Amino acid sequence: MSWVLLAAVFFLPALVFGAIWQLFPSPDEPPRWRTFLATRLERLAARLRPPRPPVYDPFMTLRVQERLGVVADHVRSLELDPHTFARAERIIASQLAYDQLLLEACQLAGVEVQPAAKGDPAERFREEVELASRGWAW
């Protein structure tokens, strides 16, 4: 019981005075009405501003092209080597990685990706042709 009284005597007034103290701004911070008005104006300006088109980094494009070439060479070497252990699983995994890189390249180049099953060779060929027609080489 004495602990409850001790907490009521010391901590309760400190909490009340601390809450009251928060109502008065310090000289360094602006008044609350000004910050409220500034955030409202920023939101309004963000709605009125036209959206900026995304800017793509050319080095990102170069990195994706380089990775596409490396993964394509890896798939070709797996297909040519008949003595590779678990060859089919490695080819499938490499082709799925190649498809993911093609998807990333299509997003960078603005090519529309049509929904297809994973590892669909027809969709892969269409994406490769679209990228090649836009100047991509790997």
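Since the structure is predicted, the reported quantities are computational estimates derived from the model, not experimental observations.

Focus on the overall build of the protein
Here comes step 1: Helix and strand content of the protein: five helices and zero strands.
Here comes step 2: Listed N to C, the secondary structure of the protein is α-α-α-α-α in terms of helices and strands.
Here comes step 3: Relative to its length of 138 residues, the protein is extended, with a C-alpha radius of gyration of 31 Å against a globular reference of 14 Å.
Here comes step 4: Across its three principal axes, the protein shows a C-alpha extent of roughly 85 × 50 × 25 Å.
Here comes step 5: The buried share of the protein, reckoned over its 138 residues, is 18%.
Here comes step 6: Considering only residue pairs separated by 6 or more positions, the protein has 52% of its internal contacts joining residues 24 or more positions apart.
Here comes step 7: Accessible surface for the protein amounts to roughly 11200 Å². Of this, 66% is attributable to carbon and sulfur atoms.
Here comes step 8: With 16 positive and 17 negative side-chain charges, the protein shows a spacing of 10 Å between the two charge centroids.

Comments concerning the pattern of salt bridges
Here comes step 1: Taken as a whole and assessed by the stated rule, the structure comprises five salt bridges.
Here comes step 2: For the salt bridge of R126 with E123, the shortest nitrogen-to-oxygen distance reads 2.9 Å. Of this pair, R126 and E123 both sit in helix α5 (residues 121-133), three residues apart, which is roughly one turn of that helix.
Here comes step 3: According to the relative accessible area criterion, R126 is partly exposed, its value standing at 22%.
Here comes step 4: A salt bridge links E130 to R134; the nearest nitrogen and oxygen atoms lie 3.8 Å apart.
Here comes step 5: For E130, a relative accessible area of 28% translates into the label partly exposed.

Brief notes about the nonpolar core
One recurring pattern in soluble globular proteins is that nonpolar side chains are buried together.
Here comes step 1: With 14 residues, the main nonpolar core has V64, L68, Y98, A105, L131 and W136 as its most contacted residues.
Here comes step 2: Of all the secondary-structure elements, those providing two or more residues to this core are α3 (58-80) and α4 (87-109).
Here comes step 3: Per-element tally for this core: the top contributor is α4, with six residues.
Here comes step 4: Not counting the four nearest positions on each side in its chain, Y98 is found in contact with L68, V71, A72, R124, E128 and W138.

Examining the packing of α4 against α5
Here comes step 1: The interhelical angle for the contact between α4 and α5, taken along N-to-C directions, is 40°, at an axis separation of 10 Å. Taken together, the axes of α4 and α5 are oblique relative to one another. Note on packing geometry: the crossing formed by α4 with α5 is left-handed. Of the residues in α5, those touching α4 at Q95, Y98, D99, L102, A105, C106 and A109 are R124, E127, E128 and L131.
Here comes step 2: Taken together, the residues of the contact of α4 with α5 sort by class into six nonpolar, one polar and four charged.

Examining α3
Here comes step 1: A rise of 1.5 Å per residue sets the reference length of α3, with its 23 residues, at 33 Å; its end C-alpha atoms lie 33 Å apart and thus fit the reference within 8%.
Here comes step 2: Along α3, the residues that are buried comprise T61, V64, Q65, L68, G69, V71, A72, V75 and L78.

Details of the side chain of R124
Here comes step 1: Structurally, the position occupied by R124 is in helix α5.
Here comes step 2: In contact with R124, not counting residues within four places along its chain, are Q95, Y98, D99, L102 and G119.

Here is what the cut-offs are and how they apply
- Residues numbered from 1 in each chain as written.
- Predicted model: local features only at pLDDT ≥ 70, side-chain atom pairs only at ≥ 80, totals over all residues.
- Heavy atoms only, no water.
- Helix = DSSP H or I, 4+ residues; strand = E, 2+ residues; numbered from the N terminus.
- Rg over C-alpha atoms; globule rule 2.2 N^0.38 Å.
- Buried < 20%, exposed > 50% of the residue type's maximum accessible area, 1.4 Å probe, protein only.
- Contact = heavy atoms within 4.5 Å.
- Areas by Shrake-Rupley, 256 points an atom, 1.4 Å probe, with all protein chains shown as cover.
- Lys, Arg positive; Asp, Glu negative; His and termini not counted.
- Charge placed at Lys NZ, Arg CZ, Asp CG, Glu CD.
- Salt bridge = Lys/Arg side-chain N within 4 Å of Asp/Glu carboxyl O.
- Core = buried A, V, L, I, M, F, W, Y, C linked by side-chain atoms within 4.5 Å.
- Axes fitted to C-alpha atoms, helices over the stretch in contact; angles between N-to-C directions.
- Parallel < 35°, antiparallel > 145°, perpendicular 65-115°, else oblique.
- Left-handed = near helix turned anticlockwise from the far one by under 90°.
- Nonpolar A, V, L, I, M, F, W, Y, C, P; charged D, E, K, R; others polar.
- Expected span 1.5 Å × (residues − 1).

Any link to function would need more than the numbers given here.
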